[in-house]
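Architecture at a glance
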Amino acid sequence: MKKNIAIIGAGNGGQAFAGYFALQGHDVRIFDVAEETIERLNELGGIQIAGNASVTGFGKIMLASTKMKEVIEGAELIFIVLPSIYHSKMAEQMAPYLEDGQYVVLNPMAPLGAIEFRNTLDLFECKADIRIVCTATLLFACRADRVGYVNIGGQKVSYTACTYPSKFNQEAEELFCDVLPELVFCDDIIRISLDNLNAIVHPGPTILNTGRIESNIPYQYYLDFTHGQGKIAEAVDKERMKIGQAYGLNIRTFVDEFKTMYQVEGDTIYDVLRNNKGYKGLMGQNTLDSRYLREDVPYSLVAFQTLAKIAGVDTPTIDAIVTIAKDLLIDLDEGRTQGTLGLKGMNKQEFIQICQGDF
């Protein structure tokens, strides 16, 4: 069924989703703060999708704008496709214009992002009765080669999602089954937070790439992974699974999750990353000041620490990576701590009740 969809963010992922949904017959509007990007999208009238996507071609969009109100007004689904460092700012901008019945999708959420988003809406006195949906990752591995042209390296066959609170999961599943059938609604934001795989393969391995980065050596981020980087990622993955067990969740290994998403083979993180042909050509950073540290440490790994502290779990490898990242980028955001999320002093059972809406 045709939907009125707003996309917040016209970067790689935002343009990919806008073109993809438009190709499927939905009415799509897109917001961004970059005036040149918006002007170019309006000139083109849409976005060309190429590569390994289930649909390709030119997706005609209704409007591109730097004005939040005219993009989200009347939208049934609002997809925020931006780094999580901008989620709170987007909540602030959206708060005056949100309408009853709208679904806002943090796509992806990044761990515990729904709490920060909801807290910001409350701070700015948003009274609209909306639903917040969280996804663990993006549907695509993609790059916008230029404005209006997106190359899809790979498309996932399934990935997890939930509502916040999770008592609305079934309602959301029924709505999204035709729009994004790849979404698997399950559990709550604790599970979706822990299903964020970027936290495993971005911060630690990026720190180990410091020599390459600071020496300006070109490399493919995933396909040039080393065994040592794989071992650090495996250690973080084990701590992530320990956190999940403390909350009574059956968290699958990175390898099992990744193989389901991308239909690749391998027994280790090193294997499955290097066997994913969709990652061909995805180059590594040329600076340490990139989202792999700037975003994925404070808004993912620090959130993992918060989940661990509430549940009483030790995370020595995660702690070490966070400490080193803060030494490398001394102005790194504080991130999603118990204090910033308003969770200080909360015990595990109280936190679970908030996530599930079981008060």
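Here, the structure is the one placed above.
Residues numbered from 1 in each chain as written. Predicted model: local features only at pLDDT ≥ 70, side-chain atom pairs only at ≥ 80, totals over all residues. Heavy atoms only, no water.

**Here's the deal with unusual backbone geometry**
At the junction of N107 and P108, the peptide bond is cis and its omega measures out at 0° in the coordinates. Tracing the backbone through its elements, the reader meets P108 in the loop between β7 (103-106) and α5 (113-123). Of the consecutive residues Y164 and P165, the connecting peptide bond is found in the cis state with omega at 0°. Within the secondary structure, P165 sits in the loop between β11 (159-164) and α6 (169-176). Positive phi outside glycine occurs at L112, with the angle close to 65°. One can find L112 in the loop between β7 and α5. (Helix = DSSP H or I, 4+ residues; strand = E, 2+ residues; numbered from the N terminus.)

**Topic: the state of the cysteines**
Counted under the stated rule, the structure contains zero disulfides. Of all cysteine sulfurs in the structure, the one in C186 sits closest to C177, which takes part in no disulfide; the separation is 16 Å. (Disulfide = S-S within 2.5 Å.)

**Considerations on the sheet that holds strand β9 (residues 140-146)**
Overall, mixed pairing links the four strands, which are arranged β4-β3-β10-β9 in an open sheet. Each edge of the sheet is formed by a strand with only one pairing partner; in this case those strands are β4 (57-60) and β9. Within the sheet, the average angular offset between the axes of one strand and its neighbour, ignoring direction, is 30°. Pairing of strand β3 (residues 46-51) with β4 involves four bridges; the strand directions are antiparallel. Looking at β4, one finds that I49 is bridged to G57. Of the strands in this sheet, β3, β4, β9 and β10 (149-155) are in contact with helix α1 (residues 12-23), which crosses β9 at around 100°. (Pairing = 2+ DSSP bridges. Axes fitted to C-alpha atoms, helices over the stretch in contact; angles between N-to-C directions. Contact = heavy atoms within 4.5 Å.)

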